[in-house]
Amino acid sequence: MHKAVPVNKDTWWVGVNDHETDLFESLWDLPQGVSYNAYVVTGEKTAAIDTVKGPWLDEYFHKLEEVLGGRPLDYLVVNHMEPDHAGLISQLRARHPGLKFVGNAKTMPLLKGYHGIDTDTVLVKDGTTLDLGGHVLQFATVPMVHWPESMVTFDTTTGVLFSNDSFGGYGAHEGGLFDDSKTRTRWEGEMLRYYATIVGRYSNVVQVALKKLASLPIKNIFPAHGTLFREDVGQVIGLYDRWSRYEADCGAVVVYGSMYGNTRRMAEAVCSGLSDSGVKDVHLYDAARSAPSHILRDIWRYRGFALLSCTYNTLLFPPMEALCSKLLNRMPKNRALGIAGSYSWSRGALDALREFARDIKLEVVGPEVEVFASPTAEDLEQCVELGKNLGRQVGGPCPLQS
Ligand code: FEO
């Protein structure tokens, strides 16, 4: 999208698509890119809502100046200081010397730290309004969704919520910006992947934020990443409510770490058991070859998961260890967990998975299977049994699943 796009009355999208970054936060894969959505609202005064990541300077300014048409920019609303949205603050000030920076008390130290700015600031808090003349913006802090200074901006005139990371999703725009230009399947998976990797750790405060926003007459939600919502805003808020309460669909994820295929065979037997118990959504992942963000997304989506690892130098297989670390960083709740390990010259993997299970505080479904060398027929039957037992925990009824 090479031009600014009108998205509501006096409101333009001036964001960019990023198809060049391989890993978001140097961690999470971007097979379909990512967008940085920035906006401009033009009343008698003009306000930009967030900027974009630094390398997209030319494209951002081209669109911004196209909208301003020679007018000065009066305000920059800084909803979030992470550099994917705040990357061009210094450059914006250089172009618009009279610019004022709108943020809350937690924004200001970061504004100074990243950009050396501690003048021309407008300090706001929950409920503060900013009258642009024709549009009145109202601010609400949403601390830890995703950083302590995170806030959202509500245009009381149009009913647009500029939600920043909240309700955001991976995936660059392909064609239309809005939810009514694509199927739900097209945006929901990438929104959940974003939630599981970026926001999910803070699900308890997402619940606080949702309660805070419940009184606002929101007509559109314009996040800082991914699809813009105007067709069924209630549906999107409902998804966030569900994910942040750790509600999940029927189904299970089975992840294995295997060097020579023995632990993989155990994992396949667990999948068979899940299928035998009637579970239709079973997803098998190789921890060494699968992007962690996709595993985390599916663990957030389904009611249970099983981890199976070979032993590596008396410990967990490293890709499984890395996945466990990511899970402990996010602490998903209300999930059934199955664990199994294999070993040859030294035990270790199953003990490490037991420790993981204790730390993550999830209910462990038995049997906990441990296999020496190559799994016997009896060992594989134990794995099938584990799958069946897990299946009893993660099966229906599942009314929200189509
Ligand atoms: Fe999209 Fe927390 O930045």
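Just so it is clear, the model here is predicted, and its values are computed rather than measured. (Residues numbered from 1 in each chain as written. Predicted model: local features only at pLDDT ≥ 70, side-chain atom pairs only at ≥ 80, totals over all residues. Heavy atoms only, no water.)

1. Section: the overall build of the protein chain
Thought 1: What the protein chain contains, in helices and strands, is 12 helices and 23 strands.
Thought 2: Taking 402 residues into account, the globule formula puts the C-alpha radius of gyration at 21 Å, and the protein chain, at 24 Å, falls close to it.
Thought 3: With respect to the principal axes defined by its C-alpha atoms, the protein chain has extents near 75 × 40 × 35 Å.
Thought 4: In the protein chain, which comprises 402 residues, the proportion classed as buried is 57%.
Thought 5: Intrachain contacts of the protein chain at a sequence separation of at least 6 include 73% that bridge at least 24 residues.
Thought 6: Charged side chains of the protein chain number 40 positive and 48 negative; the gap between the two group centres comes to 3 Å. (Helix = DSSP H or I, 4+ residues; strand = E, 2+ residues; numbered from the N terminus. Rg over C-alpha atoms; globule rule 2.2 N^0.38 Å. Buried < 20%, exposed > 50% of the residue type's maximum accessible area, 1.4 Å probe, protein only. Contact = heavy atoms within 4.5 Å. Lys, Arg positive; Asp, Glu negative; His and termini not counted. Charge placed at Lys NZ, Arg CZ, Asp CG, Glu CD.)

2. Points about the domain arrangement of the protein chain
For interface size, the figure often reported is the accessible area lost on association.
Thought 1: In terms of domains, the protein chain is made up of domain 1 (5–244) and domain 2 (253–392).
Thought 2: Of note, the centres of domain 1 and domain 2, computed from C-alpha atoms alone, are 38 Å apart.
Thought 3: Each side of the interface is counted separately: domain 1 has 14 residues, and domain 2 has 11 residues.
Thought 4: Applying the counting rule to domain 1 against domain 2 returns 1 salt bridge.
Thought 5: The residue Glu188 makes a salt bridge to Arg301 at a minimum N-O spacing of 3.7 Å.
Thought 6: The interface formed by domain 1 and domain 2 includes 7 residue pairs in polar contact (both at pLDDT 80 or more).
Thought 7: For the side of domain 1 that touches domain 2, the secondary structure elements donating two or more residues are strand S5 (28–29) and helix H5 (184–199).
Thought 8: Here the side of domain 1 that touches domain 2 gets 7 residues from one element, more than from any other, and that element is H5. (Domains from an automatic or database assignment. Salt bridge = Lys/Arg side-chain N within 4 Å of Asp/Glu carboxyl O. Polar contact = N/O pair within 3.5 Å; in protein donor to acceptor, adjacent residues only side chain to side chain.)

3. Some points on the environment of Val124
Thought 1: Its location among the elements puts Val124 in the loop between strand S11 (121–123) and strand S12 (129–131).
Thought 2: Residue Val124 is classed as buried on the basis of its relative accessible area of 6%.
Thought 3: Between the alpha carbons of Val124 and Asp18 there is a distance of 31 Å; along the sequence they are 106 residues apart.
Thought 4: In contact with Val124, other than residues within four places in its own chain, are Val102, Gly103, Asn104, Ala105, Phe139 and Met151.

4. Some details on a nonpolar patch on the surface
Thought 1: On the surface, a cluster of nonpolar side chains totalling about 380 Å² of accessible area is made up of Met259, Tyr260 and Tyr312.
Thought 2: With respect to the helices and strands, the residue Tyr312 is situated in strand S19 (residues 302–312). (Patch = residues over 30% accessible without salt bridge, like charges linked within 9 Å, V, L, I, M, F, W, Y side chains within 5 Å. Areas by Shrake-Rupley, 256 points an atom, 1.4 Å probe, with all protein chains shown as cover.)

5. Overview of the pattern of salt bridges
Pairing of side chains with opposite charge becomes possible as their charged atoms draw close.
Thought 1: Tallying each qualifying case throughout the model produces 22 salt bridges.
Thought 2: For Arg242, the salt bridge goes to Asp249, with nearest N and O atoms at 3.1 Å. Each member of the pair, Arg242 together with Asp249, is buried.
Thought 3: Between Asp286 and Arg289 there is a salt bridge, and its shortest N-O distance comes to 2.8 Å.
Thought 4: A relative accessible area of 12% places Asp286 in the buried class.
Thought 5: Connected through shared salt-bridge partners, Asp241, Arg242, Arg245, Glu247 and Asp249 make up one network.

6. Topic: the packing of aromatic side chains
Thought 1: Considering all chains together, one arrives at 18 aromatic pairs under this definition.
Thought 2: Between Phe162 and Phe222 the ring centres are 6.0 Å apart and the planes differ by 75°, which places this aromatic pair in the edge-to-face class. Of this pair, Phe162 sits in strand S15 (residues 160–164) while Phe222 sits in strand S16 (residues 220–223), placing them 60 residues apart in sequence. Side by side, Phe162 and Phe222 carry an identical accessibility label, which is buried.
Thought 3: Relative to Phe372, the ring of Tyr343 has its centre 5.4 Å away and its plane inclined at 50°; by these criteria the two rings are tilted. Residue Tyr343 is found in strand S21 (residues 336–343), and its partner Phe372 is found in strand S23 (residues 369–372); the two are separated by 29 residues along the sequence. (Phe/Tyr/Trp six-rings, centres within 6.5 Å; stacked < 30°, edge-to-face > 60°.)

7. Brief notes about a negative patch on the surface
Thought 1: A contiguous patch of negative charge, built from Asp276, Glu378, Glu381 and Glu385, is present on the exposed surface.
Thought 2: It is helix H12 (residues 377–394) that contributes the most residues to the negative patch, 3 residues altogether.
Thought 3: With respect to the element layout, Glu381 can be found in helix H12.
Thought 4: Glu381 gets classed as partly exposed once you look at its relative accessible area, which sits at 49%.

8. Details of helix H9 (residues 292–301)
Thought 1: Here H9 lies mainly inside the structure; 9 of its 10 residues are buried.
Thought 2: Among all positions in H9, only Ser293, His294, Ile295, Leu296, Arg297, Asp298, Ile299, Trp300 and Arg301 are buried.

9. A closer look at the packing of helix H8 (residues 262–276) against H12
Thought 1: Between H8 and H12, the least distance of the axes is 6 Å, while the angle of their chain directions is 45°. Relative to H12, H8 is oriented oblique. Read as a crossing pair, H8 and H12 show a hand that is right-handed. Residues Arg265, Met266, Ala269, Val270, Gly273, Leu274 and Asp276 of H8 form the contact with H12, whose own contacting residues are Leu380, Cys383, Val384, Leu386, Gly387, Lys388, Leu390, Gly391 and Val394.
Thought 2: Per-class residue counts for the contact of H8 with H12 are 10 nonpolar, 3 polar and 3 charged. (Axes fitted to C-alpha atoms, helices over the stretch in contact; angles between N-to-C directions. Parallel < 35°, antiparallel > 145°, perpendicular 65-115°, else oblique. Left-handed = near helix turned anticlockwise from the far one by under 90°. Nonpolar A, V, L, I, M, F, W, Y, C, P; charged D, E, K, R; others polar.)

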